[in-house]
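Structural overview for review
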Amino acid sequence: QVQLVESGGGLVQPGGSLRLSCAASGNIFSIKTMGWYRQAPGKERELVARITSGRSTYYADYADSVKGRFTISRDFARNTVYLQMNSLKPEDTAVYYCNADLFMSTTMRSSDFWGQGTQVTVSS
């Protein structure tokens, strides 16, 4: 049984920074993708940033609204992904959810998992 545990959310002033962490636990064979989504009140959940593993490389992609401000990084040996958020704006206020597509040791296929979410509030 997989758990994704997020941490690092909180209240920050505009222009400030936060660093989110997501650690996955369970019988994980390997990570296919791991990243972050967010959902603001009254809005659809949207992709923020994601890392996809290849055979010998990995790839990162970002929502246009966060390019140049957010950076995703990984420590897949520890089943962990980070999101460094700089120059935060009020419109970044949302619940941020960790998402992972994981190959489990007990199956031949990957499965999609979600964390419980962590609140990020950007306000004066």
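Note that the coordinates shown come from a computational prediction; the quantities given were computed from them, not determined experimentally. (Residues numbered from 1 in each chain as written. Predicted model: local features only at pLDDT ≥ 70, side-chain atom pairs only at ≥ 80, totals over all residues. Heavy atoms only, no water.)

Turning our attention to the overall build of the protein. Scanning the protein from terminus to terminus reveals zero helices and 11 strands. If you list the helices and strands of the protein from N to C, you get β-β-β-β-β-β-β-β-β-β-β. Its C-alpha atoms give the protein a radius of gyration of 14 Å, within 12% of the compact-globule value 14 Å for 124 residues. Taking all 124 residues of the protein together, 40% fall into the buried category. By sequence separation, contacts in the protein at least 24 residues apart represent 54% of the contacts at least 6 residues apart. For the protein, the accessible surface area stands at approximately 7000 Å², while carbon and sulfur atoms represent 46% of it. Charge-centre separation for the protein: the mean point of 13 positive side chains lies 5 Å from the mean point of 10 negative side chains. (Helix = DSSP H or I, 4+ residues; strand = E, 2+ residues; numbered from the N terminus. Rg over C-alpha atoms; globule rule 2.2 N^0.38 Å. Buried < 20%, exposed > 50% of the residue type's maximum accessible area, 1.4 Å probe, protein only. Contact = heavy atoms within 4.5 Å. Areas by Shrake-Rupley, 256 points an atom, 1.4 Å probe, with all protein chains shown as cover. Lys, Arg positive; Asp, Glu negative; His and termini not counted. Charge placed at Lys NZ, Arg CZ, Asp CG, Glu CD.)

For the coordinates displayed, the defined rule picks out one disulfide. Bridging Cys22 to Cys98, the disulfide has an S-S length of 2.0 Å. Taking the sign of the torsion about the S-S bond as the criterion, the disulfide between Cys22 and Cys98, at about -85°, is left-handed. Here the residue Cys22 occupies a position in strand β3 (residues 18-25), and Cys98 occupies one in strand β9 (residues 94-104), the gap between them amounting to 76 residues. Take Cys22 and Cys98: they sit in the same class, and that class is buried. (Disulfide = S-S within 2.5 Å.)

Let us look at unusual backbone geometry. Positive phi, close to 55°, is recorded for Asn79, a residue that is not glycine. Mapped onto the elements, Asn79 comes out in the loop between β7 (70-75) and β8 (80-85).

A complete count under the given rule lists seven salt bridges for this structure. Residues Asp101 and Lys32 are paired through a salt bridge, measuring 4.0 Å at the closest nitrogen-oxygen approach. In this pair, Asp101 is assigned in strand β9 and Lys32 in strand β4 (residues 28-39), connecting sequence segments 69 residues apart. Across the salt bridge formed by Asp61 and Arg50, the nearest N and O atoms sit 3.7 Å from each other. Taken together, the positions of Asp61 in strand β6 (residues 58-62) and Arg50 in strand β5 (residues 46-53) put the pair 11 residues apart, joining distant regions of the chain. Residue class for Asp61 comes out partly exposed when judged on its relative accessible area of 28%. Among the ionic contacts, a cluster of salt bridges with common partners joins Arg38, Glu46, Arg69 and Asp92. (Salt bridge = Lys/Arg side-chain N within 4 Å of Asp/Glu carboxyl O.)

Moving on, we get to the sheet that holds β3. The antiparallel open sheet is built from four strands, whose spatial order is β1-β3-β8-β7. What marks the edges here is a single partner per strand, and that holds for β1 (3-7) and β7. Along the sheet, successive strands turn relative to each other by an average axial angle of 15°, direction set aside. (Pairing = 2+ DSSP bridges. Axes fitted to C-alpha atoms, helices over the stretch in contact; angles between N-to-C directions.)

A word on the pairing of β1. Sheet faces and side chains relate simply in a regular strand, where the side chains alternate between the two faces. Residues Leu4 and Glu6 line the buried face of β1, whereas the alternating positions Gln3, Val5 and Ser7 sit on a face that is not buried. Relative to β3, β1 is paired through five bridges, and the arrangement is antiparallel. Looking at β3, one finds that Glu6 is bridged to Cys22.

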